[in-house]
Amino acid sequence: GVPSERAAPSRMRAMAALLLVCVASAAAAHAVLAAGGAARVAMEAGGAEASAWFADALWAREAPPSPHEGMELTFALSPAPGGAQVLEDALMAVSTPGSARYGAHLSLAETQAMTAPTAAARAALRDALVGAGMDAAEVEAATAAEAVEAASGFVSVTLPVAAAEELLGCDVGAWRHRGASQARYLRCADRYSLPAALAAHVDFVGGAARLPRKDARIVAHGADAGFGAAAPHDVDRAARPTRGLRGSAAAAAADPQPLPQGNFPLAAVLSATDTLSFLVLPRCPAGGVIDGRVDLPCPGPDGAQLASITVTAFVDGQPSSAVTNTSRGAALNHACAACSDLTGRAGRVCGFMNKQFGLGDTDVYCTVEVAGVTLGVNTSANASATYTVGPASDVGTRVGIWPQPLATPDMLKKTYGVPDGARGTAANNSQAVVEFLGQYYSDDDLQQYLKAYGGSGTVARVVGPNNSSNPGGEATLDIEVILGIASDVRTEFWSFAGLRNNSLPPSNTNQEPFLAWMLYLAREPSVPFVMSVSYDDDEDSMPVDFTDRLNLEFMRAGARGVTLLFAAGDDGVGGILVRQNGPAGCLPTFHPAFPATSPYVTAIGGTQMLRHDFTSPLEEQVSDSMTGSFITTGGGFSSRYAAPSYQQDAVQGYLNRASPMPPSEFFNASGRGYPDVSGIATAYPIVQSGAVSLIGGTSASTPLTAAIITLINDRRLAAGKPTVGFINPALYMAPPGAFFDVVFGNNQCSAVPTNCCPYGFFAAQGWDATTGLGTPVWDAWLRVFDA
C-alpha cells in the first residue's frame, strides 16, 4: 500500500482533467536528454504528446507572451527517502483499533517533519531558480528548510517567461479560454524538461503544462449526469426519455429522427411519495403535434382541439396494479404548455426532444401526474388522447420505469437507523464539502431545502469563491445532503474554481483546482474533521507521480484525524468512456476511478431500493441504470495500487467465491478494491435556484456517508474522545452485522443503460466490487467506532 516514490507509468493516456495540474515524473521514470552538454530529464515521459495537450476547442492560442511576463510555477519537492513509509506507518498506527496509538492523531507539523524534503532537494531547487535569474535572497527565503517544511514540500514562485523557458527547456505560449471566463494561461507549448540535478528531487511542477478542461472526462458524480450518451451535462437523469430515444444531442440537432407513433410519455419523475409525473407529447389524429398553447389546436382544417390525456401506469405482469389519471378541461389547459414556457426538468427534456425530432419551441407538452404507483418494481406506462373532432389518438409507446422512494433526510435516517433527533452538539465538531469546476451553492436554496425536508444549520465558512446567484447541481446536492443529515454541525464549503484567475497573485486558493485543494490541505493547520469529495478521473489517465503525491497528502490528512470520502463513480466498471462510446470504451481494460482507488481514502459506492417481486419489501441493491437508477455505481480494482493490508482478506474472499467474474485481462486482481462502503444514490430531491429537482449519483451517497461519520464524531467529541480519522482499518475489522450486505445487482453498465461493458462485477456476500462491505447500520457503527 505504500505509494511508489519512483514508479514509472506503464500505461497512460493524456490526462483529460478533473485534476487540472501538470505533473512531472521523477528522474528514474524519465528519459535523460542532452541539451548543450547539460543533462536534462524529459518530464511526463509516457504521457501525451504536446499536440494533444492543447487539442481542445475551448482554448485559443494567442500571440506569444512577453519574455518579461510572469509565469507562476509550483514545484512539489519529493519527501526524503523513506518519509512516505514513516508517514504510512504512523497513519495505520493511529487508525487501527487495538493499536496502542489508536486515535492519537498527529499535528500538521508532525506530519510535515516526517516528509520534509532533503537539504539536497532544497539546494537543487535553489540553484536552479537562482540560475534562472531569480533574486538570490528571495530564493533563499522560499527554499529555507522552515518555509519548505511548512508548505509540505510545495514551493510556488513566479519567473519571467524567458527564464521559465530556459529552466523548463520549452517554448512558452499563451492560451485564452473561449468561454465566459476568458481566462488566460501561460503553458509550455511542447514537452518540457528539467535539469537532471533538479528533476531527481521533483514530484511534479504545477503550471508548466496542460490546460484546465471542462470536457466529458471531468466527472462530477450525479448532479450533472446527462440522459443521453453524449447529452449536455446540465440535464438531470431524473428527466430522461425512454431508452429507445437515447443518443447524442449534437447528432439529434444535425439529423432529426422521425417521431414515434402515438402519444409519447417522454419522462417519468417521482414527484411525491407514490406519485409519478409524466411529460407527454400529445399527437393529433392526423399524426401532427400541437403548435401553440391557446385552445390546444391541432394542425389542419378540421379544427380539432385536444380534449383529454390519460396516462396509465402498471407493474409489469400485474394488471391489477394499474393506476390511471385523466387530465381534461381547465386542468388540461393548466397542464399543457409550449416547450419555450417550460422550466426545470420539463424544460430541459422538451428542449432535448425538440432537437431529437426537429420540433419547434412552441410545440406543446403536457404534464400528467399518476398517484398510487408501486415503488421499486419495473413499471410501464402508456398515454392516449381524445380530441374535439376526429378519433382518439393511438395508445402511446410504453415506458419502462422503476419508481424509487424519495431520498429525503427522513427516509435516509430511517433506512440506516439514525435517530431522528441526531444532530450536532459538540462545539468543536466540523465537516466540509469540496467543490471544483465553478460549482457554487445558494444559502437561500439550502434554507428552503432544510425547511421543506428537515434539518437545520448554515455554512459557517466559505473557502474560495462562491457565486450564490449561480448555484450548481453538484454543490447544491452536497451541501443540502450533508446538512440535512448532520444538522447543526459547523459546516464549511470549500470551492476551487475550474479556472485560475491570473489577474491575481498565486495563492493557496488561486491555482488549478485540485492542486489548489492539495496545497491548502497540506498547509492549513486546522481543517474540518470530515471532507466529502464527489469528483474523480480515470486512474489510468493520470500521471503516476501525481497520484503518488496525492496519496502522500491523503495519508497526511488521515494521520491528522481527517476522514476523506470520495465518490466511486457513476458509470460502472468502464467509466465515462463507456457512457460516451458504449462497449468500445471498456477496451482494453476496465477504467478504475482515482482518487477512489487510493488506499488512503474511503471510497463510497451507490445503491437503490428495489423489490425482488411485486409483494416483497423494498431493500437495497446495486445502483444500476438498467434497473432505473440515475447512475450505475463505480467499483472494481486499482490498476496501479496494491490491495492494502487492511482489506486483503476481504478482497481475496470475493475473488475466491464471486461468480461470474470478468476475464482476468480486464482488471488487476491484486489491486486495491473499491468501494469500501455504499449508500443510496438515486432519487434525491434538491432545491436549486428555488426549484425542486430530483438527481442522484455517488455524489449523493458520499455526503450521506460523510454526514453519518460526522454524527459519530459528534458523540466521540462530546465524550472527550478524538475523531475517527481514517476509517478504513476499523471498517474492515468490523463484524458482518455492522453493514447491510447488498447481494443483488452488478455494475456492468454506465449511467446510460444502453452503453454497457460486456462484463462487470456482481454483488456477493461480504465485500464486493460493487458496494464494498455494504451500507451503514447506525447502532453497529457506534460500537465499531466506540461512540
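For the structure, see preceding data.
About the criteria used
- Residues numbered from 1 in each chain as written.
- Predicted model: local features only at pLDDT ≥ 70, side-chain atom pairs only at ≥ 80, totals over all residues.
- Heavy atoms only, no water.
- Helix = DSSP H or I, 4+ residues; strand = E, 2+ residues; numbered from the N terminus.
- Buried < 20%, exposed > 50% of the residue type's maximum accessible area, 1.4 Å probe, protein only.
- Contact = heavy atoms within 4.5 Å.
- Areas by Shrake-Rupley, 256 points an atom, 1.4 Å probe, with all protein chains shown as cover.
- Phe/Tyr/Trp six-rings, centres within 6.5 Å; stacked < 30°, edge-to-face > 60°.
- Lys NZ or Arg CZ within 6 Å of the ring centre and 35° of its normal.
- Arc of directions from axis to C-beta.
- Polar contact = N/O pair within 3.5 Å; in protein donor to acceptor, adjacent residues only side chain to side chain.
- Salt bridge = Lys/Arg side-chain N within 4 Å of Asp/Glu carboxyl O.
- Core = buried A, V, L, I, M, F, W, Y, C linked by side-chain atoms within 4.5 Å.
- Pairing = 2+ DSSP bridges.
- Expected span 1.5 Å × (residues − 1).
- Axes fitted to C-alpha atoms, helices over the stretch in contact; angles between N-to-C directions.
- Disulfide = S-S within 2.5 Å.

A.B. asks: Is there a simple way to think about the overall build of the protein chain in this case?
C.D. replies: Scanning the protein chain from N- to C-terminus turns up 21 helices and 33 strands. Looking at the protein chain as a whole, 61% of its 787 residues qualify as buried. Looking at the protein chain alone, contacts between residues at least 24 apart form 78% of all its contacts between residues at least 6 apart. Summed over its atoms, the accessible surface of the protein chain is roughly 25900 Å², and 53% of this surface lies on carbon and sulfur atoms.

A.B. asks: Even after reading the chapter, I still don't get the packing of aromatic side chains, so can you show me in this structure?
C.D. replies: Here a ring pair, both rings aromatic, is described through the centre-centre distance and the interplanar angle of the planes. Per the stated rule, a full pass over the model turns up 26 aromatic pairs. Residues Phe637 and Trp767 carry aromatic rings whose centres are separated by 5.9 Å and whose planes lie at 65 degrees to one another, so their mutual orientation is edge-to-face. Here the residue Phe637 occupies a position in strand β27 (residues 636–642), and Trp767 occupies one in the loop between β32 (739–740) and β33 (775–776), the gap between them amounting to 130 residues. By way of ring pairs, the aromatic residues Phe436, Trp494, Phe496, Trp517, Tyr520, Tyr535, Phe554, Phe566, Phe594 and Tyr641 are connected into one cluster. Above the face of the Phe154 ring, Arg549 is positioned so that its terminal group lies 4.5 Å from the ring centre.

A.B. asks: Even after reading the chapter, I still don't get helix α13 (residues 443–453), so can you show me in this structure?
C.D. replies: Owing to its 3.6 residues per turn, the α-helix brings residues three or four apart onto one side. Taken residue by residue, α13 has Asp445, Leu446, Tyr449 and Leu450 as its buried positions. Seen from one end, α13 has its buried residues packed into an arc of 130 degrees, which puts them on one side. Those residues of α13 that are exposed and aimed more than 90 degrees away from the buried face are Asp444, Lys451 and Ala452. Among the structural elements, α12 (409–416), β19 (459–463), α14 (473–485) and β30 (684–688) are those in contact with the buried residues of α13. Structurally, the start of α13 carries an N-cap: the backbone nitrogen of Asp444 is 3.2 Å from a side-chain oxygen of Ser442. Just beyond α13, the residue with positive phi is Gly454, at close to 105 degrees.

A.B. asks: Explanation requested: the pattern of salt bridges in the structure shown.
C.D. replies: Between side chains of opposite charge, a pair can form when the charged atoms approach closely. Within this structure, the stated rule accounts for 15 salt bridges. Among the ionic pairs, Glu140 bridges to Arg126, the shortest N-O distance being 3.9 Å. With Glu140 in helix α5 (residues 136–142) and Arg126 in helix α4 (residues 119–131), this residue pair connects regions lying 14 residues apart in the sequence. Exposure remark for Arg126: the relative accessible area of 22% places this residue in the partly exposed category. One salt bridge in this structure joins Asp786 and Lys721, with 3.1 Å as the shortest N-O distance. A residue pair is termed long-range when its members are at least 10 positions apart, and Asp786 in the segment after α21 (778–784) and Lys721 in the loop between α19 (698–718) and α20 (728–733) qualify at 65 residues. For Lys721, a relative accessible area of 28% gives the class partly exposed. It is possible to trace a salt-bridge network through shared partners that takes in Glu62, Glu69, Arg176 and Arg184.

A.B. asks: Would you mind showing me how to read the nonpolar core here?
C.D. replies: Generally speaking, soluble globular proteins have nonpolar side chains that are buried together. Trp494, Trp517, Trp781 and Phe785 are the most contacted members of the largest nonpolar core, which totals 116 residues. Per element, the largest residue contribution to this core is nine residues, and it comes from helix α15 (residues 513–523). Residues in contact with Trp781, not counting those within four places in the same chain, are Val677, Thr705, Ile708, Ile709, Ile712, Leu731, Ala738, Phe739 and Pro776.

A.B. asks: Before we go on, may I ask you to explain the pairing of strand β25 (residues 602–610) in this structure?
C.D. replies: Remember that side chains alternate between the two faces of the sheet whenever the strand is regular. Here β25 lies mainly inside the structure; nine of its nine residues are buried. Of the two faces of β25, the one holding Thr602, Ile604, Gly606, Gln608 and Leu610 and the one holding Ala603, Gly605, Thr607 and Met609 are both buried throughout. Summarising the sheet, strand β23 (residues 563–567) and β25 pair through three bridges and their orientation is parallel. Residue pairing for β25: Leu565 is matched across the bridge by Thr602. Pairing between β25 and strand β26 (residues 619–622): four bridges, direction antiparallel. Bridge pairing links Leu610 to Glu619 in β26.

A.B. asks: What's the story with α4 in this structure? I'm lost.
C.D. replies: For α4, with 13 residues, the first-to-last C-alpha span of 18 Å sits near the 18 Å given by 1.5 Å per residue. Taken together, the buried positions of α4 are Ala121, Arg122, Ala123, Ala124, Leu125, Ala128 and Leu129. Lining the buried residues of α4 we find β4 (70–77), α5, α6 (145–150), β5 (154–160), α7 (161–168) and α8 (196–199). Just past α4, the residue Gly133 takes up positive phi, approximately 105 degrees.

A.B. asks: Before we go on, may I ask you to explain the sheet that holds strand β17 (residues 379–387) in this structure?
C.D. replies: Strand-to-strand pairing in sheets goes through backbone hydrogen bonds, with the strands running parallel or antiparallel. With antiparallel pairing, three strands are arranged side by side in an open sheet as β14-β13-β17. Two strands close off the open sheet at either side, each with one partner strand: β14 (318–328) and β17. Here the strands of the sheet are splayed against their neighbours by 20 degrees on average, with no regard to which way each runs.

A.B. asks: For this particular structure, what's the right way to read the pairing of strand β11 (residues 264–272)?
C.D. replies: β11 sits mainly inside the fold: seven of its nine residues count as buried. Direction of pairing for β11 relative to strand β12 (residues 275–281): antiparallel, over a ladder of seven bridges. Paired with Leu270 across the two strands is Leu276, which belongs to β12. Remark: two residues form the turn of the hairpin made by β11 and β12, two consecutive strands paired antiparallel.

A.B. asks: Quick question: what am I supposed to make of the state of the cysteines here?
C.D. replies: When the sulfur atoms of two cysteines share a covalent bond, that bond is a disulfide. Per the counting criterion, the structure on display carries six disulfides. With a sulfur-sulfur separation of 2.0 Å, Cys339 is cross-linked through a disulfide to Cys350. On the sign convention where negative is left-handed, the bridge of Cys339 and Cys350, at about 85 degrees about the S-S bond, is right-handed. Of the two residues, Cys339 sits in the loop between β15 (336–338) and α11 (344–357) while Cys350 sits in helix α11, which places them eleven residues apart along the sequence. Each member of the pair, Cys339 together with Cys350, is buried.

A.B. asks: I would appreciate a short explanation of the environment of Asp545 in the present structure.
C.D. replies: As for its placement among the helices and strands, Asp545 is situated in helix α16 (residues 544–559). Judged by relative accessible area, which is 2%, Asp545 ranks as buried. Sequence separation between Asp545 and Phe204 is 341 residues, and the spatial gap between their C-alpha atoms is 7.1 Å.

A.B. asks: How should I be thinking about the side chain of Ser678 in this particular structure?
C.D. replies: Within the fold, Ser678 resides in strand β29 (residues 677–680). Judged by relative accessible area, Ser678 falls into the buried class, the value being 0%. Ignoring sequence-local partners within four residues, the contact set of Ser678 consists of Ile604, Gly605, Gly606, Thr607, Thr705, Thr770, Thr771, Gly772, Gly774, Thr775 and Pro776.

A.B. asks: Looking at this model, I keep getting lost on the sheet that holds β11. Mind explaining?
C.D. replies: One open sheet holds the four strands; their spatial order is β11-β12-β16-β15, and the pairing between them is antiparallel. Sheet topology places β11 and β15 at the edges, where each strand pairs with a single neighbour. Geometrically, the sheet is characterised by an average inter-axis angle of 25 degrees between neighbouring strands, direction not taken into account. Its contacts with the sheet place α11 against β11, β12 and β16 (364–371), and it is angled at close to 165 degrees to β11.

A.B. asks: I would appreciate a short explanation of the environment of Phe493 in the present structure.
C.D. replies: With respect to the helices and strands, Phe493 occurs in strand β20 (residues 490–496). Remark: the alpha-carbon pair of Phe493 and Arg461, spanning 32 residues in sequence, is separated by 6.4 Å. Look past the residues within four positions of Phe493 in its chain and what remains in contact with it is Val433, Glu435, Gln439, Tyr440, Tyr441, Val459, Arg461, Val462, Val463, Pro465, Asn466 and Ala475.

A.B. asks: Mind showing me how you'd approach unusual backbone geometry here?
C.D. replies: Most peptide bonds are trans, and most residues other than glycine sit at a negative phi. Between Leu587 and Pro588 the backbone carries a cis peptide bond, its omega angle lying at 0 degrees. By secondary structure assignment, the location of Pro588 is in the loop between α17 (576–581) and β24 (593–594). Here the residue pair Tyr674 and Pro675 is connected by a cis peptide bond, since its omega of 5 degrees sits within 30 degrees of zero. Assignment of secondary structure puts Pro675 in the loop between β28 (671–674) and β29. The phi dihedral of Ser689 is positive, around 55 degrees, even though this residue is not glycine. By the element assignment, Ser689 lies in the loop between β30 and β31 (691–695).

None of the figures reported here should be taken as evidence of function without further support.
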